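Here is what each chain is made of, one letter per residue.
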Protein chains: 2
Amino acid sequence: MNPKETNLDDAALPAGVSTANLHEFIENAHAVDLAAWLAELPADLAIEQILSLALPRRATTFSYLPLTTQTELAQRLPPGELTQIVTQMNADDRADLFKQLPPPAQRQLLADLAPTEREDIRRLSTYAEETAGAIMTSGYAALTTSMSAADAIGALRREAPRTEMIYRSYVLDTKGRLIGTVRLHELMLAGADTPVADLMDPSPVAVALDTDQEEVARLITRYHLTALPVVDDAGRLAGIITRDDAEAALQRETTEDFQKIATVQPFAESVRQASIHVLYTKRILWLALLVFGNLFSGAGIAFFEDTILAYVSLVFFLPLLIDSGGNAGSQAATLMVRALATGDVALQDWHNLILREVVIATALGATMALIVSPVGLLRGGYDIALVVGMTMVLVVVIGSLVGMSLPFLLSRLRLDPATASAPLVTTISDAVGVLVYFSIATSVLSP
Amino acid sequence: MNPKETNLDDAALPAGVSTANLHEFIENAHAVDLAAWLAELPADLAIEQILSLALPRRATTFSYLPLTTQTELAQRLPPGELTQIVTQMNADDRADLFKQLPPPAQRQLLADLAPTEREDIRRLSTYAEETAGAIMTSGYAALTTSMSAADAIGALRREAPRTEMIYRSYVLDTKGRLIGTVRLHELMLAGADTPVADLMDPSPVAVALDTDQEEVARLITRYHLTALPVVDDAGRLAGIITRDDAEAALQRETTEDFQKIATVQPFAESVRQASIHVLYTKRILWLALLVFGNLFSGAGIAFFEDTILAYVSLVFFLPLLIDSGGNAGSQAATLMVRALATGDVALQDWHNLILREVVIATALGATMALIVSPVGLLRGGYDIALVVGMTMVLVVVIGSLVGMSLPFLLSRLRLDPATASAPLVTTISDAVGVLVYFSIATSVLSP
């Protein structure tokens, strides 16, 4: 029905959409779904489809594309078309795209844009990654205390096309300093003559330009905010961070925590789309480091070679004992990493938690010793059962204490507690476990 | 300055607040911060402070208390005071508290409430945990198509005190079926006579009463919604889920994923406040199961006892080799658990990812073999170096494939992919690693 669709073979259709209703999908689907489909198409086909959209929808759909796709398409779109799209994008999305473009494309884009947008991009692109400045937007509505509720609503109507956040407005003094915020429905429900000063919250939560994005997300969640204002050193409003953007930042941080727990160096790409090279590079560092860590366990074993030759059945229990310490330690470490990330636990709680952990770990170790002792009795007699049972309790307690304390220690050293990954804890527990096991064995079994 | 404060000794003061400005803190702090402080006080002091607050603030502060604290205080508050607070709480928070109360307290509360609130609590308390029905609220504003924009704003003004979500209203037909949604600022910006039907989005995203809360959170994030409507089988609007509540649910699910990755059975309590008994119970099951898993590794070792006695230096490399397979497998598993949870990867992507994983794992294994082979040469000569190098490549590939595939397999079996925890993958890799290691050793080293 549309000649533009002839290039699309069936394989490239969105899930559940046939050639017959593709046109309807493109016209009516949510821009998020449309963008998800376009992101999977070859660039030339995606551009063809984007250009077939009417303008407000074109910019919205483009904004929902992954940043890598936006960057690729931006360099292939006719410059005039790109300028139109970029002009209609949200200020922060615009700045994010701009930062990804190569310098010639940046210069071209700045030259094509109107002065207001040009200045806005320049300003928003200057802040350090992962700070409030880098994720804020300039799409806020500003009011003054002298306005009445009716004046304010009039101002909001005029500002509406360029504001991302209309539900809360920011009240500034004559020097541009933030002195309060007011909610749209309070303006609406108040009498027309009520001064904005009477309706505003005079002590809004705000952050500095260099506040970490994790802190931003934490504040937005804690205080149930829809947007958080960012002020410069003089208290002037520099921008706002919408909840959407803060959440996207928080999602990225949580994914990073998962990666670190898995001893993978953080990477921002989708796991599905990341290249073999990226995944290799991000995974090898810790794996290689842990090889060296494990050589300590080996050295421990070498030291006790005589005991092993005399009682080879001890080797039977080796993987079990060292793994059990590692497993209990991984539990403790991962619980603490998460608790520190959500704010459930703070640095000063370590003292209160460590004693409790000793009790829990002793109970866990004793239970596991009860399970494994009969096997020890069966395979090596009473002495072996005693050695294995005692070692089990000790390695579980040591593993748990290492696992619990490591995230606190890293946090204290201003490192990310999530670096206390399960494999790291396992490797440390292994080396200690080998020493404990063969020391106990040597002293119990030696005549 | 306030006689009520005399019971509070300095230890119980909020951080950064002195006795002199405690009164100011209680009057002016954000209700979230006030609640965080009250939650740490003994129950009788907390009740004293809550009752000293004016009513709207009293209910808001109470809502921000942890549910366990709410439940405890609810049973100690004078019934009349409790009824007042509960009446002013949001519908969903109210239902959550109600569900926690013991039956006599539930009956008392229902008897004290006005009929509207009573029915509302009854209705919201009937849905299964972790479904849309269980986390929805009835605090929405409903409009009809025949209204003009001015009528609609008038209706919203009247409804404002009991609506949790004023920024989006829900348009219903005469049978109560959801036929569209309209945003407050569109009503405001439109001409007074514009019919609501012209302003509404006629195909809003909605979910069923039994939709899983994780799916709810996924939709709210995907479509950047501030609230998601819930409809019954007949398409009638049953309630809405605010973004706040969906996010709280998502936070809980993410914490559960962390717990599962650590082989801890999910628990809802704060790690800081959980009892020793709860933590022991939640941790012991998997630790005990893994003990049995590790006995397979032991059995493998027992089978190769002769090889070990002949070449005891093989034991030196045992922890290293089996851990390396487990570490690579933990990486792959954790990356996939997170990717499946965020929707980055879907069930059908397994085929495309498995081949890439073989390539990556081979490269990882080869690198690690290069690191460890010289140590093999040093400790046992050329043959041992060959055995150790070959084993390293194989265990890393096998561990990675197990780690990558297990989350998909669990997902396919409709189990939670997060059950593919690092310790589980490690235990499986260990058993396979022992067999691979000593099989290669036996065939290379036997004359």
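Refer to the structure above for everything that follows.
Residues numbered from 1 in each chain as written. Chains lettered and ligands numbered in written order. Predicted model: local features only at pLDDT ≥ 70, side-chain atom pairs only at ≥ 80, totals over all residues. Heavy atoms only, no water.

(A) Inspection of the layout of surface pockets at higher detail. Each pocket or cavity is described by its volume, and for the second largest pocket that value is around 230 Å³. Lining the second largest pocket are 17 residues, and of these I153, R157 and M188 of chain A together with I153 and R157 of chain B lie nearest its centre. Tallied by class, residues from the lining of the second largest pocket come to 14 nonpolar, one polar and two charged. (1 Å grid on protein atoms, 1.4 Å probe; cavity = no way out; pocket = protein on both sides within 12 Å on 5 of 7 lines; lining within 4 Å. Points joined across faces, edges and corners; volume = space filled by probe spheres on them. Nonpolar A, V, L, I, M, F, W, Y, C, P; charged D, E, K, R; others polar.)

(B) Structural detail: the relation of the copies chain B and chain A. With an RMSD of 0.2 Å, chain B superimposes on chain A once it is rotated by 180° and translated 0.0 Å along the axis. Taken together, the rotation and translation relating the two chain copies correspond to the operation of a two-fold axis. Most of the interface of chain B is mirrored in chain A, where 100% of its interface residues again form contacts. (Least-squares fit on C-alpha atoms with pLDDT ≥ 70 in both. Contact = heavy atoms within 4.5 Å.)

(C) Region of the structure containing the sheet that holds strand β3 (residues 178–183) of chain A. All names here are of chain A. The strand order β1-β2-β3 describes an open sheet built from three strands, whose pairing is mixed. The open sheet has two edge strands, β1 (140–144) and β3, and neither has a second partner. Adjacent strand axes in the sheet meet at a mean angle of 35° when their direction is disregarded. Sheet analysis places β1 next to strand β2 (residues 165–172), joined by four bridges and oriented parallel. Bridge pairing in β2 places T144 opposite L172. Here helix α11 (residues 149–159) sits on the sheet in contact with β1 and β2, set at roughly 150° to β1. (Pairing = 2+ DSSP bridges. Helix = DSSP H or I, 4+ residues; strand = E, 2+ residues; numbered from the N terminus. Axes fitted to C-alpha atoms, helices over the stretch in contact; angles between N-to-C directions.)

(D) Just unusual backbone geometry, in detail. All names here are of chain B. The phi dihedral of H224 is positive, around 55°, even though this residue is not glycine. Its place among the elements puts H224 in the loop between α14 (213–222) and β5 (227–231). Look at H224 and you get partly exposed, because its relative accessible area is 33%. (Buried < 20%, exposed > 50% of the residue type's maximum accessible area, 1.4 Å probe, protein only.)

(E) Highlighting the interface of chain B and chain A. If you look at the interface, chain B gives 101 residues, while chain A gives 101 residues. Roughly 9,500 Å² is buried in total at the junction of chain B and chain A, and carbon and sulfur atoms are behind 68% of that figure. The tally of links between chain B and chain A comes to twelve salt bridges. For R379 of chain B, the salt bridge identified is with E305 of chain A, shortest N-O distance 3.5 Å. On the surface where chain B and chain A come into contact, there are 38 residue pairs in polar contact (both at pLDDT 80 or more). Its residues assigned to classes, the side of chain B that touches chain A shows 59 nonpolar, 23 polar and 19 charged. (Buried area = accessible area lost by both parts, 1.4 Å probe. Salt bridge = Lys/Arg side-chain N within 4 Å of Asp/Glu carboxyl O. Polar contact = N/O pair within 3.5 Å; in protein donor to acceptor, adjacent residues only side chain to side chain.)

(F) Just the packing of aromatic side chains, in detail. Summed over the entire model, instances satisfying the criterion amount to 14 aromatic pairs over all chains. With a centroid separation of 4.8 Å and 70° between ring planes, the pair formed by F316 of chain A and F317 of chain A is classed as edge-to-face. Each member of the pair, F316 of chain A as well as F317 of chain A, carries the same accessibility label: buried. Each residue in the set F303, F304, Y437 and F438 of chain A is aromatic and connected to the rest through ring pairs, giving one cluster. Note that R379 of chain B overlies the ring of F316 of chain B, its terminal NZ or CZ placed 4.3 Å from the centroid. (Phe/Tyr/Trp six-rings, centres within 6.5 Å; stacked < 30°, edge-to-face > 60°. Lys NZ or Arg CZ within 6 Å of the ring centre and 35° of its normal.)

(G) Molecular detail of the pattern of salt bridges. Under the criterion given, the structure shown has 35 salt bridges over all chains. D33 of chain A is paired through a salt bridge with R222 of chain B; the nearest N and O atoms lie 2.7 Å apart. Of this pair, D33 of chain A sits in helix α2 (residues 31–38) while R222 of chain B is found in helix α14, placing the two residues in two different chains. Accessibility expressed as a relative area gives 30% for R222 of chain B, which makes it partly exposed.

(H) Region of the structure containing the environment of V397 of chain B. All names here are of chain B. Assignment of secondary structure puts V397 in helix α21 (residues 382–412). Judged by its relative accessible area of 14%, V397 falls in the buried class. Residues V397 and L370, 27 residues apart in the sequence, show an inter-C-alpha distance of 15 Å. Look past the residues within four positions of V397 in its chain and what remains in contact with it is A361 and T362.

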